[in-house]
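Listed here are the chains, written in short residue letters.
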Amino acid sequence: MITQIAIVSIVTALTLVPSVLGQIVVDGSRDNAFGAALAVQNTTTGFGDSNLGLVNAANGSELDNCYATIDGGVLYLFFGGNLESNFNKLELFIDSGVGGQNSVRGDNADVDFNGLNRLGESAAGVGDGMKFDECFSANFYLTTTCGGTPTTLYANIAQILTGGGGIGAYIGSGAPGTVAIDNVKYGVKVALNNSNILGVGADGGSADGSGVATGVEVAIPLALMGYDAATQKNIKVCAMINGGGHDWVSNQVIGGLGAGSANLAEPRLVNFASIAANQYAVVVVDAAEPDCPVVPPSCPADLNGDGVIDGADLATVLGGWGTAGGDTNGDGSTDGADLAAVLSAWGACV
Ligand SMILES: [Ca+2]
Ligand SMILES: [Ca+2]
Ligand SMILES: [Ca+2]
Ligand SMILES: [Ca+2]
């Protein structure tokens, strides 16, 4: 005889199913809620094609595809593929706002044995840091790696500020395939399921990364990345597999490098702007937003853009009084606030 309690339990379970389907579980397996792929790998891997089929270990690294979704103020990312359990790195750069670094500086936060700065400038002002595509300026960094006995997953995060510095943190460890890193302080989660044996092959194999449904999955709060939809809505993601010392970049990059591409090797020689197509995927929030965000002028009182705030700008304010002709603050009219802006900023733009 079926008790009333059992019936209630069954009904409750069925009622819960729809909401559960709509959520992302950070476990290294792709959820249906991610929707369509943002990018699919288009070259075979130069870092080995894993054939172990084990959730906690892989004997090769590949980035087969990238999925993303935003839910509840959190960015969820999924990268199909493998991360070899020999301390190869997944490097993840996120362009989550205006500013940031188009070329990686060498004075960022020291995380993962100063691994981030291994990709950056060798000395201040040399300008030899890894370079992204023209419309990509990184604001946030996450790196994850696995290795040891038993195989352990580790992750670190760092801010990437326009002027360098910023906060970096080790966010913990976990067991691939079973225990996600769940950092309560920062709200960041990282999980890895290394069981993929499909996707791209090594040289001579498949160059198609579509369909792979296990790999690295992360959750990052938008606020942690400095996301502000008032200035930049779309989020861009550039990911790559790197060597164990953050010192030898593979050919596994999201977006792909193109068929037949070799490993990129020395990180400081990587210039994605010189490689065809965009080496990033776009998490589209506003399809109408230009790919290169419009950077607000640093010197709004310099109305004629000649680098100096002087009588010419004052004349524009006075001549445009009551119209938009001398507007410095974007409110659409020229008034006392614009006059004050010009007078208080008098002289060279700073
Ligand atoms: Ca999942
Ligand atoms: Ca940026
Ligand atoms: Ca494969
Ligand atoms: Ca490019």
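In every chain, residue numbers begin from 1 and rise along the written sequence. A letter from A marks each chain and a number from 1 marks each ligand, given out in the order of writing. Per-residue local features are limited, in this predicted model, to residues with pLDDT of at least 70; the limit for side-chain atom pairs, both in listing and counting, is 80 or more; totals at the level of whole chains, interfaces and linings are taken over all residues.

Student: What is the right way to look at the pairing of strand E6 (residues 152-159) in this model?
Tutor: Looking down a regular strand, the side chains alternate between one sheet face and the other. With 6 of its 8 residues buried, E6 lies for the most part within the structure. In terms of strand pairing, strand E5 (residues 140-147) meets E6 through 8 bridges, oriented antiparallel. Residue threonine 143 lies in a different strand from E6, and its bridge partner there is asparagine 156. Between E5 and E6, which follow one another and run antiparallel, lie 4 residues, and glycine 148 among them has a positive phi close to 85 degrees. When E6 meets strand E7 (residues 168-174), the two strands line up antiparallel, connected through 6 bridges. Within E7, the position partnered with alanine 155 by the bridge is glycine 172. Counting other C-beta atoms within 10 Å of its own, a residue is labelled buried from 20 upward, exposed at 12 or fewer, and partly exposed in the gap between, with every C-beta atom placed from the backbone. Secondary structure is summarised from DSSP: a helix means a run of H or I of at least four residues, a strand means a run of E of at least two, and numbering begins at the N terminus for each. At least two bridges found by DSSP between two strands is the condition for calling them paired.

Student: Where do I start with the confidence of the model for the chain in this structure?
Tutor: Low pLDDT means the predicted atomic positions in that stretch should not be read closely. For the chain, per-residue confidence averages 92 on the pLDDT scale, and 92% of positions sit at 70 or higher. The low-confidence segment residues 1-20 (pLDDT under 50) makes 1 contact with residues lying over four places distant or belonging to another chain. Confidence scores here are pLDDT values: one per residue, from the predictor, ranging 0 to 100. Throughout, a pair of residues is in contact if the C-beta atoms placed from their backbones lie within 7 Å.

Student: What am I meant to see in the sheet that holds strand E9 (residues 188-192) here?
Tutor: Backbone-to-backbone hydrogen bonds pair the strands of a sheet. The strands run either parallel or antiparallel. Pairing is antiparallel across the open sheet formed by 6 strands, whose spatial order is E1-E2-E3-E10-E9-E8. In this open sheet, the two edge strands, each paired with only one partner strand, are strand E1 (39-40) and strand E8 (181-183). Sheet topology note: the strand E2 (residues 62-71)/strand E3 (residues 74-82) ladder contains 9 bridges and is antiparallel. Note on E3: the bridge partner recorded for leucine 63 is glycine 81.

Student: What is the right way to look at the pairing of strand E11 (residues 235-242) in this model?
Tutor: The element E11 is largely enclosed, with a buried count of 8 among its 8 residues. Of the two faces of E11, the one lined by Ile235, Val237, Ala239 and Ile241 and the one lined by Lys236, Cys238, Met240 and Asn242 are each fully buried. Relative to strand E13 (residues 281-283), E11 runs antiparallel, the two being bridged by 3 bridges. Across the sheet, residue lysine 236 finds its bridge partner in E13, namely valine 282.

Student: Would you explain the domain arrangement of the chain in this entry?
Tutor: It is common to give the size of an interface as the accessible area that goes away when the parts come together. As annotated, the domain borders come from an automatic or database domain assignment. If you check the domain split of the chain, you get domain 1 (21-283) and domain 2 (308-348). Computed from C-alpha atoms alone, the centre-to-centre distance between domain 1 and domain 2 is 45 Å.

Student: I'm lost on the nonpolar core in this one. Help?
Tutor: A general trend in soluble globular proteins is that nonpolar side chains are found buried together. Residues Cys66, Tyr141, Val237, Ala239 and Ile254 are the most contacted members of the largest nonpolar core, which totals 72 residues. In contact with valine 237, other than residues within four places in its own chain, are Cys66, Ala68, Leu77, Leu92, Ile94, Ile254, Tyr280, Ala281 and Val283. As used throughout, a nonpolar core is a set of buried Ala, Val, Leu, Ile, Met, Phe, Trp, Tyr and Cys residues joined through C-beta atoms within 7 Å of each other.

Student: Even after reading the chapter, I still don't get the environment of valine 282, so can you show me in this structure?
Tutor: Considering the arrangement of structural elements, one finds valine 282 in strand E13. Valine 282 sits 221 residues away from serine 61 along the chain, and the two C-alpha atoms are 23 Å apart. Setting aside residues no more than four positions away along its own chain, valine 282 makes contact with Leu38, Asn234 and Lys236.

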